[in-house]
Amino acid sequence: MTQDYQLDHLDELEAESIFVLREVAAQFERPAILFSGGKDSIVVTHLATKAFAPARIPMPLVHIDTGHNFPETIEFRDGLAERLGVQLVVGSVQATIDAGRVREETGAQASRNRLQTTTLLDTVEDGKYDACVGGARRDEEKARAKERFFSHRDDFGQWDPKHQRPELWNLFNGNHMPGEHFRVFPLNNWTELDIWNYITREQIALPSLYFAHDRKCVVRDGVILAHSEHLPHREGETPETMRVRFRTLGDLTITGAIASDADTLEKITAEVAATRITERGGRVDDKRSETSMEDRKKEGYF
C-alpha cells in the first residue's frame, strides 16, 4: 500500500526551481550561474547540486568582482567552488577600469556597482554564455517584480520590460538569435523569508557576514556602512564598533548593514519574519533615484 506524500510550501518552491534549472540545461548550450556570494545565489547553487546529482553542476559559477567585495565573500566563493568541483570564472571590474572601458567614480558617493555592468557583459560575451542563471526574486524590488523566469536580453545585453515572452503552464521559450542571451531566475516566486526557512531546513553554509558580529562601521544618511579602505569618508565621519549583520551582500561601499544580535539561523529567520523593511532598504545604489534598479537592468545589470 502506497502512502501519499504531501508537498509543503518549500518543497513546491524547490521543485519549481529545480524544474527551471533542468530546463536551462536542456535548452541552452553554454549556461552559467551568476554567483555573487550572497544567500540567494548560494541557494541557487545548492538547488543546482540537487537538480543534477549525482553529477557535478554542468555550468560554471561566474562572479563579477568589483575589487571592493567583502573579504569574507571572496573566501567563501573560492571554498565553495573548490568543494563542489565546479569551474569558477571571475570578471574583474578593476581590469575593465585599467583597460579604459569604464571610468572610476570619485567622491564620497563613489561606487563600482554600476561599472560592473560592462564587466558582466564582457564576461558573458567572452564565455559565449547563452543563459545566465541569477538569484533575483520578485519580492526584492519593483523592477525585479517585472521579471519572467526566462528573461530575454538582446545582442547588446539590454532588457526591455515591455517585451517579455508569456510563460504559460511552465512552458519557457529560450529561442534566441546569435549574440542574444537569457537571464534566468529560478527563485522568482520565493520570498526572503522562504529563503531563510529553506537555508535553515537544508542547513546551507553561508558567509559569516550574515550573522551578527562586531564590526567598525560608519552611519551615512541613516545607512550603516562597513568601514574599509575602499569607503571614502565624509568630513566628520568617525568609525565606531557596532554589532551588525548584513541582509544582502554586494560591493561593500554601498551595502548597508543592520544593527542586530541575530547570530543563528533561527534568530535570523525570526528577525526577518518581524521586519517591515525590505532587504534592499539599506542599499545605497538603490537610493540614487526611484528607477535606479530598472535603469541598470535595462543597461544589462543583473
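Residues numbered from 1 in each chain as written. Predicted model: local features only at pLDDT ≥ 70, side-chain atom pairs only at ≥ 80, totals over all residues. Heavy atoms only, no water.

You can see V43 is positioned in helix α2 (residues 39-52). Placed 161 residues apart in sequence, V43 and I204 show a C-alpha to C-alpha distance of 7.8 Å. Among residues more than four places away in sequence, those in contact with V43 are L187, I195, Y198, I199 and I204. (Helix = DSSP H or I, 4+ residues; strand = E, 2+ residues; numbered from the N terminus. Contact = heavy atoms within 4.5 Å.)

This next bit is on the packing of aromatic side chains. Evaluated as defined, the whole model comprises 9 aromatic pairs. Between F28 and F182, the aromatic rings sit 5.7 Å apart at their centres with planes inclined by 55°, giving tilted as the arrangement. With F28 in the loop between α1 (9-27) and β1 (31-34) and F182 in strand β6 (residues 181-184), this pair connects stretches of sequence that are 154 residues apart. Accessibility classification places F28 together with F182 in one group, the buried group. For the pair F149 and F172, a centre-to-centre distance of 5.6 Å together with 55° between the ring planes defines the contact as tilted. (Phe/Tyr/Trp six-rings, centres within 6.5 Å; stacked < 30°, edge-to-face > 60°. Buried < 20%, exposed > 50% of the residue type's maximum accessible area, 1.4 Å probe, protein only.)

Here we come to the packing of helix α6 (residues 192-202) against helix α7 (residues 265-274). Interhelical geometry of α6 versus α7 gives an angle of 165° and a closest axis separation of 10 Å. Taken together, the axes of α6 and α7 are roughly antiparallel relative to one another. In the packing of α6 onto α7, the handedness of the crossing is left-handed. Along the contact surface, α6 presents E192, L193, W196, N197, I199 and T200, while α7 presents L265, E266, I268, T269, V272 and A273. (Axes fitted to C-alpha atoms, helices over the stretch in contact; angles between N-to-C directions. Parallel < 35°, antiparallel > 145°, perpendicular 65-115°, else oblique. Left-handed = near helix turned anticlockwise from the far one by under 90°.)

Moving on to the domain arrangement of the chain. Entries for the chain in the domain assignment read domain 1 (9-194 + 291-299) and domain 2 (208-287). Look at where the C-alpha atoms of domain 1 and domain 2 centre, and you get two points 23 Å apart. Taken together, the contacts link 27 residues of domain 1 with 28 residues of domain 2. The tally of links from domain 1 across to domain 2 stands at 2 salt bridges. The salt bridge partner of E72 is R215, with a shortest N-O separation of 3.3 Å. Breaking the side of domain 1 that touches domain 2 down by element, the ones donating at least two residues are α2, α3 (71-84), α6 and α8 (292-299). Of the residues forming the side of domain 1 that touches domain 2, the biggest block, 3 residues, is contributed by α8. Residue composition of the side of domain 1 that touches domain 2, by class: 5 nonpolar, 12 polar and 10 charged. (Domains from an automatic or database assignment. Salt bridge = Lys/Arg side-chain N within 4 Å of Asp/Glu carboxyl O. Nonpolar A, V, L, I, M, F, W, Y, C, P; charged D, E, K, R; others polar.)

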